[in-house]
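The primary structure of each chain is shown beneath.
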Amino acid sequence: MAKGMNVGLSSLSPHVGSVLVGLSWVSPTGDGDADVSVLLLDANGKVRGDGDFYFYNNPAAADGSVQLLGKTPTENGDEDRIGFDLTAVPPEVDRIVVAASRYGGRDFGELADVEVTLADGTGERLLRFAVEDADTVSAIIFGELYRRGGEWKFRAVGQGYASGLAGLATDFGVDIEDDADDADGADHADGAQAGDGEEASRDERDTARTARAGQTAPDPHNSANAARNGTGTGTGTGTGTGNGTGKETGTGDGVAQAAGPDPGTTPGSPPAPAPAPGTTPGPVSAPRATDGTVPPPRAPRPRTAKKKVTLPRADRKALAENESWRPSRLVPVPTLKSDRDREVRATSVLLAVMAQVPEFGRRLTAAFGAPAGRMETYTEVVLPHGETPRRPDGVIRVERAGKLWTALVETKTNGSALKPDQVQAYMDIAARRGYEAVITVSNDVALEGSPLVDVKIDGRRKHRVALRHLSWAEVTYQAQLLIRHEGVGDRAHAWLLQELLHYLQHENSGCHGFQNMGAAWVPVRNGINDETLCEGDPRALDVVESWERLVRQLCLSLGGELGQKVLPVHRAKRGADPAARRNRLADRLCREGLLQAEFRIDGAPGILALNADLRTGKLRTSIEIPAPEQGYPLSRAKRLLRRLAEAPADLHVETLLEGGAGGPRGTLERLRPEPADMLPKGDTRITGFRLSLFKSMGNSRGNAESGFIRSVDNAVHRFYTSVVVHLDQP
């Protein structure tokens with residue numbers, strides 16, 4: 001689409017009751033990010049209340065009409081996805097604005113390939129709009145969904161705001177509690193959800209922020225109603241989005257911002273006198289109207305973060321006499337004898353918890369186009385299919401406003417692979433019966449452009465069925481986020497998620513995620529050592545794909561533990577062919593014997609790099625951090641060493657110099673008594689430091705103690721917990 005164009009969704013697909021909007025961008029430096037936001041507007045172009053503003057601290061609507069699904073790794077980076085159930089949008093909502101904002105003084109001009117896509121309920125992409133003129137704005141309205149003639153349409157907007165998230169939200173009638181600086185600091189820190197090392201919990205930060213403004217949690221629609229009546233804050237000029245044109249100072253038919261009186265005064269009342277120089281101002285009485293009466297207090301702004309239940313930071317002291325007393329569990333695991341037993345029990349446990357914990361069930365199905373509604377799940381359902389009835393492992397059914405959404409579920413555990421003929425049969429059954437999706441769950445990780453199962457789609461059928469895949473690592477990740485970091489609605493739900501996590505992480509469950517580098521791993525490793533592996537060897541491509549699956553699983557496992565976003569960094573240009581990119585990496589593996597990956601971790605001061613050198617059998621984890629702008633070079637070196645007081649003695653520290661030249665290097669054990677050894681000779685400016693840990697990698701292809709996968713997982717977790725957590729935040 002081009003800027004300003006609009007299109008009716010029903011003309012693109014019959015499955016637009018729910019849609020998935022994706023916002024994406026590429027950072028040439030690998031460390032760029034932005035936060036998405038959604039605003040529901042009435043016919044006047046304003047929110048009905050602050051509750052209609054969805055962002056990182058208010059990610060979902062109670063009615064299921066809006067849900068921020070977070071970032072999903074894609075082939076060329078990551079995509080921020082938002083699920084919309086358009087059938088659940090209240091009738092008084094006329095438009096839905098989709099935007100994103102940057103923080104920390106950064107702007108969209110630093111990013112490339114800024115775009116928005118929209119997919120229907122089956123996952124098929126319907127449209128794409130690239131924002132070409134992002135330049136120096138810190139917030140952008142990508143597009144908007146709006147009603148016309150009883151149907152929903154999409155308009156490509158591409159309008160920028162130099163005033164960031166606060167300016168954008170204020171223009172639409174949202175009463176922002178924090179200014180832009182606070183949003184960059186305190187609010188964005190809330191979204192990071194730090195782990196056990198943080199000094200205050202999410203609720204403590206929210207309470208402190210609310211107390212700072214002297215407020216409690218009110219009706220979420222009061223503030224914006226007051227703003228529309230002329231009592232809200234903000235005097236900035238609005239911009240029109242109705243015609244899809246204009247920049248920060250343009251006008252249009254969609255938005256008009258009116259200036260209101262100062263929120264601390266009433267019309268006609270004089271301003272409070274300023275205190276005399278050198279005196280301490282005392283308490284100020286409430287302003288009075290001209291008739292002497294005290295007006296009602298201004299409606300407080302809502303507290304968007306709700307109290308949630310999470311696991312306690314430390315386990316309570318057990319009442320058992322000794323460690324041989326094992327606590328009772330809802331789902332016993334040691335009795336499982338066969339893969340079939342594991343599949344049946346894993347399916348039943350997963351589906352039961354999804355149905356009983358709405359936050360968890362919604363989290364797993366929203367990205368698949370499921371509406372928010374009453375969910376029921378079933379196992380071992382018999383469905384007719386020719387002469388041989390089929391029995392999928394499970395069925396998920398969601399009811400919303402009298403309409404049903406149904407998905408068939410097929411699960412595998414341990415090393416069992418999905419069977420193409422089995423999945424094909426379920427796709428055919430779903431198409432005939434009008435079901436919306438087939439969901440496969442296994443330890444494998446799906447890659448873009450490399451499907452786990454090839455199925456044939458009958459293009460003559462009007463009804464389309466979406467085929468989706470979940471890794472058991474993704475299931476574990478979502479459960480960890482809820483129970484350990486974000487919280488759920490009550491203690492019973494928290495306990496159920498805890499039992500699910502215990503089951504999934506038990507060694508006998510068979511639900512441990514990607515576990516095997518494949519049959520090509522040993523021949524490729526031997527070929528690199530013998531220098532007999534040639535470019536174009538298909539086995540090298542198999543290893544590259546297995547490596548990519550392992551990297552994505554590492555993002556999930558580390559992100560689940562930290563409660564922070566961990567995403568793979570792809571420096572390839574968006575839109576590049578995944579197959580061509582993997583072929584280039586396979587050829588490099590043949591030439592140099594290297595497998596490489598990079599991770600972006602929220603709150604980390606730089607990109608975490610991982611290199612596996614199959615020639616030397618070494619794993620290297622490293623991070624580059626910038627040198628402080630102030631202070632003498634020796635002071636900077638000493639400060640870094642103090643921060644690394646608890647880091648391993650074998651940590652390698654390399655000084656980075658201007659112009660890209662390598663500087664002094666050494667281990668912590670040698671540099672701690674002699675920090676001056678980190679300084680270069682002459683006046684060459686120090687630009688930063690590279691910190692690295694080396695570890696021998698495992699040889700076998702599996703996940704045994706001596707296996708390659710286990711060694712990579714241990715190396716990344718050790719480096720983050722022993723090095724990165726001690727560094728200054730960006």
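Keep in mind it's a predicted model, so treat the numbers as computed, not measured.

What counts, and where the lines are drawn
Residues numbered from 1 in each chain as written. Predicted model: local features only at pLDDT ≥ 70, side-chain atom pairs only at ≥ 80, totals over all residues. Heavy atoms only, no water. Pairing = 2+ DSSP bridges. Helix = DSSP H or I, 4+ residues; strand = E, 2+ residues; numbered from the N terminus. Buried < 20%, exposed > 50% of the residue type's maximum accessible area, 1.4 Å probe, protein only. Polar contact = N/O pair within 3.5 Å; in protein donor to acceptor, adjacent residues only side chain to side chain. Contact = heavy atoms within 4.5 Å. Axes fitted to C-alpha atoms, helices over the stretch in contact; angles between N-to-C directions. Expected span 1.5 Å × (residues − 1). Disulfide = S-S within 2.5 Å. Salt bridge = Lys/Arg side-chain N within 4 Å of Asp/Glu carboxyl O. Phe/Tyr/Trp six-rings, centres within 6.5 Å; stacked < 30°, edge-to-face > 60°. Lys NZ or Arg CZ within 6 Å of the ring centre and 35° of its normal. Core = buried A, V, L, I, M, F, W, Y, C linked by side-chain atoms within 4.5 Å. Parallel < 35°, antiparallel > 145°, perpendicular 65-115°, else oblique. Nonpolar A, V, L, I, M, F, W, Y, C, P; charged D, E, K, R; others polar. Left-handed = near helix turned anticlockwise from the far one by under 90°.

Here we look at the pairing of strand S22 (residues 662-667)
Across a regular strand the side chains alternate sides, sitting on one face of the sheet and then on the other.
Next up, step 1: Pairing between strand S21 (residues 652-657) and S22: four bridges, direction antiparallel. When the bridges of S22 are listed, His652 appears paired with Thr667.
Next up, step 2: Connecting S21 to the next strand, S22, in antiparallel fashion are four residues, including Gly659 with a positive phi near 90°.

A short note on the side chain of His485
Next up, step 1: Within the fold, His485 resides in helix H8 (residues 472-486).
Next up, step 2: His485 gets classed as buried once you look at its relative accessible area, which sits at 13%.
Next up, step 3: A polar atom in the side chain of His485 sits 3.3 Å from the backbone oxygen of Glu561.

Quick notes on the environment of Gly663
Next up, step 1: You can see Gly663 is positioned in strand S22.
Next up, step 2: Under the relative-accessibility criterion, Gly663 is labelled buried at 15%.
Next up, step 3: Between the C-alpha atoms of Gly663 and Val653, which are 10 residues apart in sequence, the distance is 10.0 Å.
Next up, step 4: Excluding anything up to four places from it in sequence, Gly663 contacts Glu654, Thr655 and Leu657.

So, the sheet that holds strand S20 (residues 618-626)
Next up, step 1: One open sheet accounts for seven strands, arranged S17-S18-S19-S20-S23-S21-S22; its pairing is antiparallel. With one partner strand each, in any of the chains shown, strand S17 (566-568) and S22 form the two edges of the open sheet. Taking the axes of each pair of neighbouring strands and ignoring which way they run, one obtains an average angle of 25° across the sheet.

Points about helix H15 (residues 708-722)
Next up, step 1: With 15 residues, H15 extends 21 Å between its outermost C-alpha atoms, agreeing within 8% with the 21 Å of an ideal straight helix rising 1.5 Å per residue.
Next up, step 2: Considered for burial, the residues of H15 that qualify are Phe708, Ile709, Ser711, Val712, Ala715, Val716, His717, Phe719, Tyr720 and Ser722.

Section: the state of the cysteines
Next up, step 1: This model, assessed by the stated rule, comprises zero disulfides.
Next up, step 2: Note on Cys534: no disulfide assigned, nearest cysteine sulfur contributed by Cys590 at a separation of 7.6 Å.
Next up, step 3: Looking at Cys534, the relative accessible area reads 52%, which means it is exposed.

Thoughts on the side chain of Ser692
Next up, step 1: Here Ser692 shows up in strand S23 (residues 686-696).
Next up, step 2: A polar side-chain atom of Ser692 sits 3.0 Å from a polar atom in the side chain of Arg620.
Next up, step 3: When near neighbours in sequence (up to four residues on either side) are disregarded, Ser692 contacts Arg620, Thr621, Ser622, Asp650, Leu651, His652 and Phe719.

Description of the pattern of salt bridges
Next up, step 1: For the coordinates displayed, the defined rule picks out 33 salt bridges.
Next up, step 2: Between Asp339 and Arg342 there is a salt bridge, and its shortest N-O distance comes to 3.3 Å. Of this pair, Asp339 and Arg342 both sit in helix H5 (residues 339-356), three residues apart, which is roughly one turn of the helix.
Next up, step 3: Its relative accessible area of 31% is what places Asp339 among the partly exposed residues.
Next up, step 4: Between Glu654 and Arg690 there is a salt bridge, with the nearest N and O atoms lying 2.6 Å from each other. Residue Glu654 is located in strand S21, and its partner Arg690 is located in strand S23; the two are separated by 36 residues in the primary sequence.
Next up, step 5: Overall, the relative accessible area of 10% leaves Glu654 in the buried class.

What to know about the packing of aromatic side chains
Next up, step 1: Following the criterion strictly, the structure yields seven aromatic pairs and no others.
Next up, step 2: Note on Phe53 and Phe55: the rings are 4.7 Å apart at their centroids and 10° apart in plane angle, and the pair reads as stacked.
Next up, step 3: Overall, Phe53 belongs to the buried group, its relative accessible area being 4%.
Next up, step 4: For the pair Phe55 and Tyr56, a centre-to-centre distance of 5.2 Å together with 70° between the ring planes defines the contact as edge-to-face.
Next up, step 5: Judged by relative accessible area, Phe55 falls into the buried class, the value being 9%.
Next up, step 6: Chaining the aromatic ring pairs together yields one cluster made of Trp25, Phe108 and Phe142.
Next up, step 7: Over the aromatic face of Tyr146 sits the side chain of Arg155, whose NZ or CZ is 4.2 Å from the ring centroid.

Description of the sheet that holds strand S14 (residues 403-411)
Next up, step 1: Reading across the sheet, the five strands line up as S12-S13-S14-S15-S16 and stay open at both edges, with mixed pairing between neighbours. At either margin of the open sheet sits one strand with a lone partner, and together these are strand S12 (374-379) and strand S16 (466-471). Averaged over neighbouring strand pairs, the angle between their axes works out to 20° when direction is ignored.
Next up, step 2: Direction of pairing for strand S13 (residues 394-400) relative to S14: antiparallel, over a ladder of seven bridges. From the neighbouring strand, Val395 faces S14, where its bridge partner is Leu408.
Next up, step 3: Across the face of the sheet, H8 comes into contact with S14, strand S15 (437-442) and S16 while running at roughly 70° to S16.

As for helix H6 (residues 358-365)
Next up, step 1: For H6, a buried count of six out of eight residues is recorded, marking the element as mostly surrounded by other parts of the structure.
Next up, step 2: Buried within H6 we find Phe360, Gly361, Arg362, Arg363, Leu364 and Thr365.

Brief notes about the pairing of S20
Next up, step 1: Two elements, strand S19 (residues 608-613) and S20, share six bridges in a ladder whose sense is antiparallel. Residue pairing across strands places Asp613 opposite Lys618, the latter belonging to S20.
Next up, step 2: Taken together, S19 and the strand that follows it, S20, pair antiparallel across an intervening segment of four residues, in which Gly617 is found at a positive phi of about 70°.
Next up, step 3: Note: S20 against S23, nine bridges, orientation antiparallel. Counterpart to Arg620 in the pairing with S23 is Phe694.

Remarks on the nonpolar core
Next up, step 1: Ranked by internal contacts, the top residues of the largest apolar core, which has 61 residues, are Trp547, Phe599, Leu691 and Phe708.
Next up, step 2: If you look at the next biggest cluster of nonpolar residues, it comprises 40 residues, including Ala61, Val89, Val98 and Trp152.

Describing unusual backbone geometry
Next up, step 1: The phi torsion at Glu380 lies on the positive side, around 50°, for a residue other than glycine.
Next up, step 2: By secondary structure assignment, the location of Glu380 is in the loop between S12 and S13.
Next up, step 3: Although it is not a glycine, Asn414 sits at a positive phi angle of roughly 50°.
Next up, step 4: Structurally, Asn414 is set in the loop between S14 and helix H7 (420-433).
Next up, step 5: By relative accessible area, Asn414 is classed as partly exposed at 31%.

Section: the packing of H5 against H6
How two helices sit against one another is set out by the angle between their axes and by the gap between those axes.
Next up, step 1: The contact between H5 and H6 brings their axes to 5 Å, and the two run at 110°. Between H5 and H6, the crossing angle belongs to the class labelled roughly perpendicular. Along the contact surface, H5 presents Leu350, Val353, Met354 and Gln356, while H6 presents Pro358, Phe360, Gly361, Leu364 and Thr365.
Next up, step 2: By residue class, the composition of the contact of H5 with H6 is six nonpolar, three polar and no charged.

What about the packing of helix H10 (residues 521-530) against helix H11 (residues 538-562)?
Next up, step 1: With their axes 9 Å apart at the nearest point, H10 and H11 run at an angle of 115° to one another. Between H10 and H11, the angle is such that the two are roughly perpendicular. In this structure, H10 crosses over H11, and the sense of that crossing is left-handed. Contacts between H10 and H11 involve Trp521, Pro523 and Val524 from the former and Arg539, Ala540 and Val543 from the latter.

Notes on the environment of Glu359
Next up, step 1: With respect to the element layout, Glu359 can be found in helix H6.
Next up, step 2: The spacing of Glu359 and Leu482 is 123 residues in sequence and 8.1 Å in space, taken between C-alpha atoms.

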